[in-house]
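These are the residues of each chain, in order.
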Amino acid sequence: MIKRMPPPLAAPSDGPVVHGLGLVVLDQQMYLREYPPADSKVFAEEARTQIGGPVPIALSQLRRLGATCSFLGSWAGDSAGREIEAELSRRDIGFALND
């Protein structure tokens, strides 16, 4: 059952319409001052997450070029899933959410 599909921000007449079906992941990135030697530890200077996967990245680029884009996939309803939804919305990519 689809709960919602945010409307695309650009009208279809503004450019092509692209629907992407695929995998979305949440990448975790850690920034280190130096690469740790074997059997040692270093503290991360910064940590962040961002969405990834071939289809969401391609849709992001197409959206920047003026296409109306939507992503068709599935993810959990936990905090990581909410972060995926927020990032897709920030990138102006519509999505369907399944229960």
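Presented here is a report on the structure given in the accompanying data block.

Procedures and definitions
Residues numbered from 1 in each chain as written. Predicted model: local features only at pLDDT ≥ 70, side-chain atom pairs only at ≥ 80, totals over all residues. Heavy atoms only, no water. Helix = DSSP H or I, 4+ residues; strand = E, 2+ residues; numbered from the N terminus. Buried < 20%, exposed > 50% of the residue type's maximum accessible area, 1.4 Å probe, protein only. Pairing = 2+ DSSP bridges. Contact = heavy atoms within 4.5 Å. Axes fitted to C-alpha atoms, helices over the stretch in contact; angles between N-to-C directions. Patch = residues over 30% accessible without salt bridge, like charges linked within 9 Å, V, L, I, M, F, W, Y side chains within 5 Å. Areas by Shrake-Rupley, 256 points an atom, 1.4 Å probe, with all protein chains shown as cover. Salt bridge = Lys/Arg side-chain N within 4 Å of Asp/Glu carboxyl O. Arc of directions from axis to C-beta.

## Re the environment of Asp27
Position of Asp27 among the secondary structure elements: in strand S2 (residues 25-32). By relative accessible area, which is 30% here, Asp27 ends up partly exposed. As a C-alpha pair, Asp27 and Arg48 span 21 residues in sequence and 8.4 Å in three-dimensional space.

## Quick look at the environment of Leu65
Along the polypeptide, Leu65 turns up in the loop between helix H1 (54-64) and strand S4 (68-72). Take Leu65: its relative accessible area is 74%, and that puts it in the exposed class.

## Remarks on the sheet that holds strand S1 (residues 17-21)
Here we have 3 strands laid out as an open sheet, ordered S1-S4-S5, and parallel in their pairing. Looking along the sheet, the strands with just one partner apiece sit at the ends: S1 and strand S5 (94-95). Note that S4 and S5 share 2 bridges and pair parallel. When the bridges of S5 are listed, Phe71 appears paired with Phe95. Its contacts with the sheet place H1 against S1 and S4, and it is angled at close to 170° to S4.

## Comments concerning a nonpolar patch on the surface
On the surface, a cluster of nonpolar side chains totalling about 260 Å² of accessible area is made up of Met30, Leu32 and Val42. Examined against the element boundaries, Leu32 turns out to sit in strand S2. Look at Leu32 and you get partly exposed, because its relative accessible area is 40%.

## Thoughts on H1
What H1 keeps buried is the set Pro56, Leu59, Ser60 and Arg63. The arc that holds the buried residues of H1, viewed along the axis, is 105°, so those residues lie on one side. Contact partners of the buried residues in H1: S1, strand S3 (44-52) and S4. Following H1 by one or two positions, Gly66 has its phi on the positive side, about 105°.

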